[in-house]
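# Analysis of the macromolecular model
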Amino acid sequence: MHQIIYALVDAESEEEALEQATVTFDRLVGARVDERPVFDYYVTFDDEGAAVAGKARWGEQPVAARVDSHEGARLLKRGWDATVTEFERNLEKVRKGLEELSVEAVMHDAELVRHACHNLGAFRGPSLHLYAQYGDGIRHRSHLDRVLNSSEPMWIVPADVHY
């Protein structure tokens, strides 16, 4: 499956933002030996050669945008809204499953309740759409506010990821 995720990085220019985000995305695909991958691969929106990902899948997207710009604010809202929607969807699945299913059914993950519990507790992966510069998923609003409170120029960089 594919989805768009976003890295929030401190940078002075679009080029530097893309470089910083590439390090973040590399961490999420396990490009470093000491990192456990949560996605199979990623494609940034400056990649013209991807046949089934990036622009080919999602159309034109900014390569990077300052968070304080109109485009950056739009990307940030899209990423945060997707994170909240996914959290609410998983929370509802857990609530419903715990109310309606037997212990045995939950243990067997009959309705993917345990999977939804995993997603609620995830620090990285498909249930999160925003990532701080070092690859940690932004799971709640106060974390997002801390990241955005940087004294450096903040950029948001989208990438198409496969999992």
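Look up a bit, the structure's there.
These figures come from a predicted structure and were not determined experimentally.

With that settled, the discussion passes to the pattern of salt bridges. Under the defined criterion, the tally for this structure stands at nine salt bridges. The closest approach of N and O atoms between Glu35 and Arg27, which form a salt bridge, is 3.7 Å. With respect to class, Glu35 is no different from Arg27; both count as buried. Of the charged contacts, one joins Arg74 and Glu71 as a salt bridge, the two residues approaching to 2.2 Å between their closest N and O atoms. Taken as a pair, Arg74 and Glu71 lie in helix H3 (residues 70–100) at a separation of three residues, close to a single helical turn. Classification of Arg74 by relative accessible area gives partly exposed; the value is 32%. Here Glu71 falls in the partly exposed class, since its relative accessible area comes to 27%.

Turning next to the pairing of strand E5 (residues 154–162). Both faces of the sheet carry side chains from a regular strand, because those side chains alternate between them. Of all the nine residues making up E5, eight are buried; the element is thus mostly covered by neighbouring parts of the structure. Alignment of strand E2 (residues 41–44) against E5, held across four bridges, turns out to be antiparallel. If you follow Tyr41 over to E5, its bridge partner there is His162. Pairing between strand E3 (residues 65–66) and E5: two bridges, direction antiparallel. Looking at the pairing, Arg66 lines up with Trp155 of E5.

Right, let's talk about the packing of aromatic side chains for a bit. As enumerated under the stated definition, the model contains three aromatic pairs in all. Both rings, one in Phe39 and one in Tyr163, keep their centres 6.4 Å apart while their planes meet at 70 degrees; by these two values the pair is edge-to-face. In this pair, Phe39 is assigned in the loop between helix H1 (14–28) and E2 and Tyr163 in the segment after E5, connecting sequence segments 124 residues apart. Positioned above the aromatic ring of Trp80 is the side chain of Arg141, whose terminal nitrogen or guanidinium carbon lies 5.9 Å from the ring centre.

Conventions and cut-offs
- Residues numbered from 1 in each chain as written.
- Predicted model: local features only at pLDDT ≥ 70, side-chain atom pairs only at ≥ 80, totals over all residues.
- Heavy atoms only, no water.
- Salt bridge = Lys/Arg side-chain N within 4 Å of Asp/Glu carboxyl O.
- Buried < 20%, exposed > 50% of the residue type's maximum accessible area, 1.4 Å probe, protein only.
- Helix = DSSP H or I, 4+ residues; strand = E, 2+ residues; numbered from the N terminus.
- Pairing = 2+ DSSP bridges.
- Phe/Tyr/Trp six-rings, centres within 6.5 Å; stacked < 30°, edge-to-face > 60°.
- Lys NZ or Arg CZ within 6 Å of the ring centre and 35° of its normal.

Take it as geometry only, folks, not as evidence of what the structure does.
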